[in-house]
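Structure assessment
Here is what each chain is made of, one letter per residue.
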Amino acid sequence: KRMIHYISDKDLADPRTTYQDAQCGSGLPMLVLADQLMETLAKAIPDEQKRLKHIFSKQLFLSDINPTQVRIAKANLLKAVGNREFAVNIQQQDCFENSQKTNYVIGSIDFQTTNRFVPYYRELVDHIVIVTRSNKNRYADSAITEIKEYEYLGANMNATPICVMHFTRQTDKTSVKFSDRN
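Described in the following lines is the structure provided in the data block. (Residues numbered from 1 in each chain as written. Predicted model: local features only at pLDDT ≥ 70, side-chain atom pairs only at ≥ 80, totals over all residues. Heavy atoms only, no water.)

**Details of the packing of aromatic side chains**
One pair of aromatic rings is described through two measures. These are the centre distance and the angle between the planes. Considering all chains together, one arrives at four aromatic pairs under this definition. Taken together, a centroid distance of 5.1 Å and an interplanar angle of 65° make the contact between Y120 and Y121 edge-to-face. Residue class for Y121 comes out buried when judged on its relative accessible area of 0%. Counting every residue linked through ring pairs, the aromatic cluster contains F96, F117, Y120 and Y121. (Phe/Tyr/Trp six-rings, centres within 6.5 Å; stacked < 30°, edge-to-face > 60°. Buried < 20%, exposed > 50% of the residue type's maximum accessible area, 1.4 Å probe, protein only.)

Next up, the structure:
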């Protein structure tokens, strides 16, 4: 849910805004996003069934390299749509072989992948919103100006510290907005 906080209200209410999760796993972030879109697109697409089909066919795009994860995500999406025959946008592929242009890429990325993932997807999307581990490694110093917002989500004794990072194609060298949940 914290990733959705970084999507502008204007974009959430626009049926033309597209989203992808290039390492979708079970597809949970996109299901949470779909729930949000069902609310925010109510004015633009009043009919609930048309809105649901629009979201899953024209706005959400998922992929994962692992075929088992793709099957699980597809089953979860089809269950959410309530129609096993519906064509959802999910495919098996390496995230670095993706050429899908969307407005947002959201998802959970392991930190070792972040330094390659962000520059790759900055060429394809307007916004990157990822959840990743913090403090284990750090994002490359030379690219820190790519980060628009950084939110430390914290940890407890049994969990690895995590954060949300929001990257944009910002052209100015504005400062990074840092925050934490406290």
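**Quick notes on the environment of K53**
When you line up the elements, K53 lands in helix α3 (residues 48-59). Taking the C-alpha atoms as reference points, K53 and N83, 30 residues apart in sequence, are found 9.9 Å from one another. Sequence-distant contacts of K53, defined by excluding residues within four places in its chain, comprise K58, N83 and F86. (Helix = DSSP H or I, 4+ residues; strand = E, 2+ residues; numbered from the N terminus. Contact = heavy atoms within 4.5 Å.)

**Looking at the environment of G25**
Of note, G25 is situated in the loop between β1 (19-21) and α2 (28-40). Sequence separation between G25 and A73 is 48 residues; the distance between their C-alpha atoms is 6.6 Å. Residues contacting G25, with those up to four places away along its chain left out, are D64, Q69 and A73.

**Here we look at the environment of A13**
Mapped onto the elements, A13 comes out in the loop between α1 (9-12) and β1. Considered as a pair, A13 and M38 are 25 residues apart in the sequence and their alpha carbons are 9.5 Å apart. Excluding its chain neighbours within four sequence positions, the residues that come into contact with A13 are T40, L41 and A44.

**Structural notes on the pattern of salt bridges**
Taken as a whole and judged by the stated rule, the model has one salt bridge. Measuring nitrogen to oxygen at the nearest pair gives 3.0 Å for the salt bridge that ties D14 to R16. (Salt bridge = Lys/Arg side-chain N within 4 Å of Asp/Glu carboxyl O.)

**With respect to the packing of α2 against α3**
Two elements in contact, α2 and α3, have axes separated by 10 Å at closest approach and are oriented at 140°. Taken together, the axis directions place α2 and α3 in an arrangement best described as oblique. When you trace α2 past α3, the crossing you get is right-handed. For the pair formed by α2 and α3, the contact residues are L31, A34, L37 and M38 on the first element and E48, R51, L52, I55, F56 and Q59 on the second. Of the residues contributing to the contact of α2 with α3, the split by class is seven nonpolar, one polar and two charged. (Axes fitted to C-alpha atoms, helices over the stretch in contact; angles between N-to-C directions. Parallel < 35°, antiparallel > 145°, perpendicular 65-115°, else oblique. Left-handed = near helix turned anticlockwise from the far one by under 90°. Nonpolar A, V, L, I, M, F, W, Y, C, P; charged D, E, K, R; others polar.)

**Remarks on the nonpolar core**
Counting residues in each nonpolar core, the largest one holds 32 residues, and the members touching the most others are Y19, L33, L37, I55, F56 and L60. Sorting the residues of this core by element identifies α2, α3, β2 (60-64), α4 (67-81), β4 (102-108) and β5 (125-133) as the ones contributing at least two each. If you tally residues by element for this core, the top one is α2, at six residues. Membership of the second largest hydrophobic core comes to 14 residues, among which are A22, V118, Y121 and I130. (Core = buried A, V, L, I, M, F, W, Y, C linked by side-chain atoms within 4.5 Å.)

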